[in-house]
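Fold and contact review
Listed below, chain by chain, are the residues.
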Amino acid sequence: MYGNLITEVDRGVGIVTLNRADRHNAFDDQTIVELIDVMGAMDANPDVRVVVLSSTGKSFSAGADLNWMKRAAGQGEEENLRDARNLAEMLRRIAQLSKPTVARVQGPAYGGGVGVVAACDIAIATFDTQFALTEVKLGIIPSAISPHVIAAIGERYARRYMLTAERFSAAEAYRIGLVHEMVADEGALDDAVGVIVDSLLKNGPRALAACKSLIGAVAGRPLSAEIIEDTAQRIARIRGTEEAQEGMASFLEKRKPNWIAGN
Ligand code: COA
């Protein structure tokens, strides 16, 4: 049981809901530790094939809890650093989960909230969602979230939005690649998340994990001899696995693979 999260597993889908609506789902030390823990649990649970990250209330997340941030700075050096490392670890766990992650964004996402959206594999937001990287306005920097945000929107847009701290719309988030889709309202959001989840559930679970690892290894790297060799080894390794043999056989035999429910 978690104090600031609601979790559920339903037909292959792990749903993690930020549930600190009175604080606009801002991340304090407790929420961060709980998210680290739940991501480990979702990764280890064989019944979970996809994870959806959502929120209660009117905001997706107001980012770091500024009471916590302010307090952390007053702690001893070791504790301050440990706290900061936890936030980075929370984002790493989301980004490197061995299962696909989908962000269901239903309201403002600021600072660390943008970081979480960027760390998820796929993000869908309602049309009226506002985004902002407000850190410099507060005299701090978007540090732990920067690898994820820059990977999502690129250095050029990161320079603009990290330096101006201006708010931007869902349409802009869509244009610069922070979200993959924007929809009219929360009903349409659930439908759109459902479509993505259904697509993911049709795919080989081990292939999805291997594909995430592949993207992590290849993204942002030059086409070196080392990368070419690595990609050759990855496909050579996976095509001999039971799952790959089943996937290819099911296509050739015109049937569903054995990982699809009701097969
Ligand atoms: N940390 C701590 N508390 C926060 C918070 C945060 N990141 N964001 C909001 N809150 C608190 C407010 O201080 C307020 O507390 P109070 O009721 O004790 O006064 C409460 O949540 C409600 O916020 P309020 O601003 O009154 O609600 P709103 O609906 O007008 O606006 C937001 C909601 C999220 C748009 C606005 O609160 C906001 O801009 N928050 C800051 C977001 C931010 O810059 N985050 C980046 C941090 S690195």
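Every chain is numbered independently, its residues counted from 1 as its sequence is written. Confidence filtering applies because this is a predicted model: local features only for residues at pLDDT of at least 70, side-chain atom pairs given and counted only at 80 or more, and all residues used for totals across whole chains, interfaces and linings. Only hydrogens and water are set aside; all other atoms, that is, all heavy atoms of the structure, feed into the side-chain values.

1. Some thoughts on the environment of W259
Secondary structure elements are taken from DSSP: a helix is a run of H or I of four residues or more, a strand is a run of E of two residues or more, and numbering for both begins at the N terminus. Structurally, the position occupied by W259 is in the segment after α10 (242–252). With 207 residues separating them along the chain, W259 and V52 place their C-alpha atoms 20 Å apart. Residues are treated as being in contact if the distance between any of their heavy atoms lies within 4.5 Å. Those residues within four positions of W259 in sequence are excluded, and the remaining contacts are R49, L201, K202, N203, G204, P205, E243, E246 and G247. Counting of polar contacts relies on pairs of N or O atoms within 3.5 Å, with two restrictions inside protein: one atom must be capable of donating a hydrogen and the other of accepting it, and residues adjacent in sequence are counted only when both atoms are side-chain atoms. In terms of polar contacts, W259 uses its side chain to reach the backbone carbonyl oxygen of K202, at 2.9 Å.

2. Quick notes on the packing of aromatic side chains
Any pair of Phe, Tyr and Trp rings, taking the six-membered ring for Trp, is counted once the centres come within 6.5 Å. Such a pair is stacked with planes under 30 degrees apart, edge-to-face with planes over 60 apart, and tilted for the rest. All told, the structure shown has two aromatic pairs when counted by the stated rule. Consider the rings of F131 and F168, whose centres lie 5.7 Å apart with planes at 20°: the pair is stacked. Here the residue F131 occupies a position in strand β7 (residues 130–132), and F168 occupies one in strand β8 (residues 167–169), the gap between them amounting to 37 residues. What makes F131 buried here is its relative accessible area of 0%. Plain terms: the ring middles of Y161 and F168 are 4.3 Å apart, the flat faces sit at 35° to each other, and that makes the pair tilted. Each member of the pair, Y161 as well as F168, carries the same accessibility label: buried. Each residue is assigned to one of three classes by its accessible area relative to the maximum for its type, calculated with a 1.4 Å probe on protein chains only: buried under 20%, partly exposed between the two thresholds, exposed over 50%.

3. Some words on the pattern of salt bridges
Here, a salt bridge means any side-chain nitrogen of Lys or Arg that lies within 4 Å of a carboxyl oxygen of Asp or Glu. By the definition in use, this model includes 15 salt bridges. Of the charged contacts in the structure, one is a salt bridge between E89 and R92, with a shortest N-O distance of 2.9 Å. Of the two residues, E89 and R92 both sit in helix α3 (residues 77–95), three residues apart, roughly one turn of that helix. Among the ionic contacts, a cluster of salt bridges with common partners joins R20, D28 and D65.

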